[in-house]
Amino acid sequence: MATERTFSIIKPDATRRNLTGAITAKLEEAGLRVVASKRIQMSREQAEGFYGVHRERPFFNDLVTFMISGPVVVQVLEGDNAVARNREVMGATNPANADAGTIRKEFAESIEANSVHGSDSLENAKIEIDFFFKPEEIVG
Ligand code: CMP
């Protein structure tokens, strides 16, 4: 199995409810190692840039407003098949469709306030990691 890096965000609904540790524990239990982590307040420009691929979607403005409504924790996760492993432990985007035991099933409030973001491919993981982290901030 290939060691990969993926990108994760613990979203404002989760930081607000003091779930940073509980979510990180789920990631670690899934075999992922946190090799970079910082708690930040995203600016509107940053959120719009990060979610630029969704710019034309009807939920774009609400999504950006939600993502800047409080602090987030951005993380780089490392492990075997980290991209797929992280998506597995996150569960479906809509918590109503998420499997038991996943982060979104346990913690998410709605499709928007769904507690975590995770990269959907290795290619996007690299782009998303580079968006928030300098190479020297990642210590594996
Ligand atoms: P995320 O993985 O952060 O990527 C885009 C986000 O848009 C997604 O998680 C959801 O939280 C949010 N979102 C809000 N409404 C929708 C929707 N109708 N379909 C898909 N994603 C949505």
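Cut-off values and rules
Residues numbered from 1 in each chain as written. Predicted model: local features only at pLDDT ≥ 70, side-chain atom pairs only at ≥ 80, totals over all residues. Heavy atoms only, no water. UniProt positions renumbered as here; feature names shortened; annotations may be inferred. Pairing = 2+ DSSP bridges. Helix = DSSP H or I, 4+ residues; strand = E, 2+ residues; numbered from the N terminus. Axes fitted to C-alpha atoms, helices over the stretch in contact; angles between N-to-C directions. Contact = heavy atoms within 4.5 Å. Buried < 20%, exposed > 50% of the residue type's maximum accessible area, 1.4 Å probe, protein only. Near = heavy atom within 4 Å. Polar contact = N/O pair within 3.5 Å; in protein donor to acceptor, adjacent residues only side chain to side chain. Areas by Shrake-Rupley, 256 points an atom, 1.4 Å probe, with all protein chains shown as cover. 1 Å grid on protein atoms, 1.4 Å probe; cavity = no way out; pocket = protein on both sides within 12 Å on 5 of 7 lines; lining within 4 Å. Sits in = over half its atoms within 2 Å of the grid points. Nonpolar A, V, L, I, M, F, W, Y, C, P; charged D, E, K, R; others polar.

- With an unreviewed UniProt entry as reference, the protein is termed Nucleoside diphosphate kinase, source organism Sphingomonas parva.
- For the record of the protein, the UniProt heading Subunit (unreviewed entry) holds the text "Homotetramer."
- Turning to the protein, the UniProt annotation filed under Subcellular location (unreviewed entry) states: "Cytoplasm".

Notes on the sheet that holds strand E2 (residues 33-40)
- Pairing in this open sheet of four strands is antiparallel, and the strands run E2-E3-E1-E4 from one edge to the other. Here the strands that pair on one side only, and so sit at the sheet edges, are E2 and strand E4 (116-118). For this sheet, the mean angle separating the axes of adjacent strands, direction not counted, is 20 degrees.
- Here eight bridges tie strand E1 (residues 3-10) to strand E3 (residues 72-80), and the two strands are oriented antiparallel to one another. Directly across from Glu 4, in E3, lies its bridge partner Gly 79.
- Contacts from helix H5 (residues 82-90) reach E1, E3 and E4, with the element oriented near 35 degrees to E1.

Brief notes about the pairing of E3
- Most of E3 sits inside the fold, with eight of its nine residues counted as buried.
- Note that E2 and E3 share seven bridges and pair antiparallel. Its bridge partner lying in E3, Ser 37 is registered against Gln 75.

As for the site of the ligand
- Every residue near the ligand is listed here: Lys 11, Tyr 51, His 54, Phe 59, Leu 63, Thr 93, Arg 104, Ile 111, Glu 112, Asn 114 and His 117.
- Separating an oxygen atom of the ligand from a side-chain N or O atom of Tyr 51 is a distance of 2.6 Å.
- For the ligand, the protein covers 78% of the area, taking 450 Å² as the surface of the free molecule.
- Judged by its atoms lying within 2 Å of the grid points, the ligand is housed in the largest pocket.
- Within the shell around the ligand, the residues separate by chemical class into four nonpolar, four polar and three charged.

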